[in-house]
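Geometric and topological summary
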Amino acid sequence: MKSVSSLRETTPPPPVHVAIIMDGNGRWAQGRGRSRIEGHRRGMETVREVVKGSIELGVEYLTLYGFSIENWKRPAAEISSLMGLLRLYLRQEIKALDQRGVRMRFIGQRPLLADDIVSLIEEAEEQTKGNTALNLVVALSYGARQEITAAVQSVARRVASGELDDSTIDETVISQHLETAGMPDPDLVIRTSGEQRISNFLLWQVAYAELVFIDTLWPDFSQEDLRDAINEYHRRDRRYGATG
Ligand code: IPE
Ligand code: IPE
Ligand code: MG
């Protein structure tokens, strides 16, 4: 039998950045004859577990896709319940997250969110900015094409003003103009619910991420599923275009 210390030596380090497309709340609820919002409520409990699991596993960045810019197309009643849950989560969890050493950040189009939610987000970012146990990035009202478009606009403005020479625009410059500036790109993207698509999530940043699609619906996703996905990640051979 291996000793604990030799096990530790042979366990590869976790992916630095795990990003999750948390999908399947509605189907989880519908399968039980419950309202979709009940599925979202259960999904919020999964978020708590996954944050805990990520800290335990030593993940440094966890990005959660909470609400896409396209999700604004949903019925007003569902949006309003989702925003209500978000308010609740932010009010209830910030203190506990802060105590666990979680630094919170938000990406996505804030002007589309209600003023009080924007205030809660800003408070959470301010209150947790010194924490280092886990960087929790929540994508709200987020769309990658919109993020890239905004980055192009801001680079164009800097070129027009003479602050930036167009010949110096490279991948680093583009990355620095995205909302994720300064963060490492995701190593692993997990999507639950059996759908195998990216749905406008971090399109630039996932260029070389490993993608793991699992059938489990988000409310049923567990710390063990997170570990399984990370184990799957470790079995992959990341070649980045080079030979193995
Ligand atoms: C994910 O669950 C949560 C959000 C997109 C806000 P869904 O609400 O998309 O659940 P399904 O895909 O309809 O089952
Ligand atoms: C993606 O899920 C967005 C989030 C998980 C927040 P959707 O349920 O909105 O994606 P599609 O519509 O199935 O692509
Ligand atoms: Mg969905």
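Rules behind the numbers
- Residues numbered from 1 in each chain as written.
- Chains lettered and ligands numbered in written order.
- Predicted model: local features only at pLDDT ≥ 70, side-chain atom pairs only at ≥ 80, totals over all residues.
- Heavy atoms only, no water.
- Near = heavy atom within 4 Å.
- Polar contact = N/O pair within 3.5 Å; in protein donor to acceptor, adjacent residues only side chain to side chain.
- Areas by Shrake-Rupley, 256 points an atom, 1.4 Å probe, with all protein chains shown as cover.
- Helix = DSSP H or I, 4+ residues; strand = E, 2+ residues; numbered from the N terminus.
- Nonpolar A, V, L, I, M, F, W, Y, C, P; charged D, E, K, R; others polar.
- Contact = heavy atoms within 4.5 Å.
- Buried < 20%, exposed > 50% of the residue type's maximum accessible area, 1.4 Å probe, protein only.
- Pairing = 2+ DSSP bridges.
- Axes fitted to C-alpha atoms, helices over the stretch in contact; angles between N-to-C directions.
- Parallel < 35°, antiparallel > 145°, perpendicular 65-115°, else oblique.
- Left-handed = near helix turned anticlockwise from the far one by under 90°.

**Points about the site of ligand 2**
Close to ligand 2 lie Ile21, Met22, Asp23, Tyr65, Gly66, Phe67, Ser68, Asn71, Arg74, Arg191, Arg197 and Ser199. Asn71 has a polar side-chain atom sitting 2.8 Å from an oxygen atom of ligand 2. Interatomic distance of 2.8 Å between a side-chain N/O atom of Arg197 and an oxygen atom of ligand 2. Burial of ligand 2 by the protein amounts to 78% of the accessible area it has alone, namely 390 Å². Here the element with the most residues in the shell around ligand 2 is strand β2 (residues 61-68); it accounts for four residues. The residue inventory of the shell around ligand 2, partitioned by class, reads four nonpolar, four polar and four charged.

**Thoughts on the side chain of Ser54**
By the element assignment, Ser54 lies in helix α3 (residues 36-57). Sequence-distant contacts of Ser54, that is, excluding residues within four places in its chain, are made with Val59, Leu62, Leu134 and Leu226.

**Section: the pairing of strand β3 (residues 102-107)**
With five of six residues buried, β3 is to be regarded as a mostly interior element. Pairing analysis gives six bridges linking β3 to strand β4 (residues 134-142), with the strands arranged parallel. Note on β4: the bridge partner recorded for Val102 is Leu134.

**A short note on the packing of α3 against helix α4 (residues 76-99)**
Running from N to C, α3 and α4 point in directions that differ by 25 degrees, and their axes come no closer than 10 Å. With respect to their mutual orientation, α3 and α4 come out roughly parallel. Where α3 crosses over α4, the two elements pack in a sense that is right-handed. Facing Arg36, Ile37, His40, Arg41, Met44, Val47, Arg48 and Val51 of α3, the residues of α4 in contact are Glu78, Ser81, Leu82, Leu85, Leu88, Tyr89, Gln92, Glu93 and Leu97.

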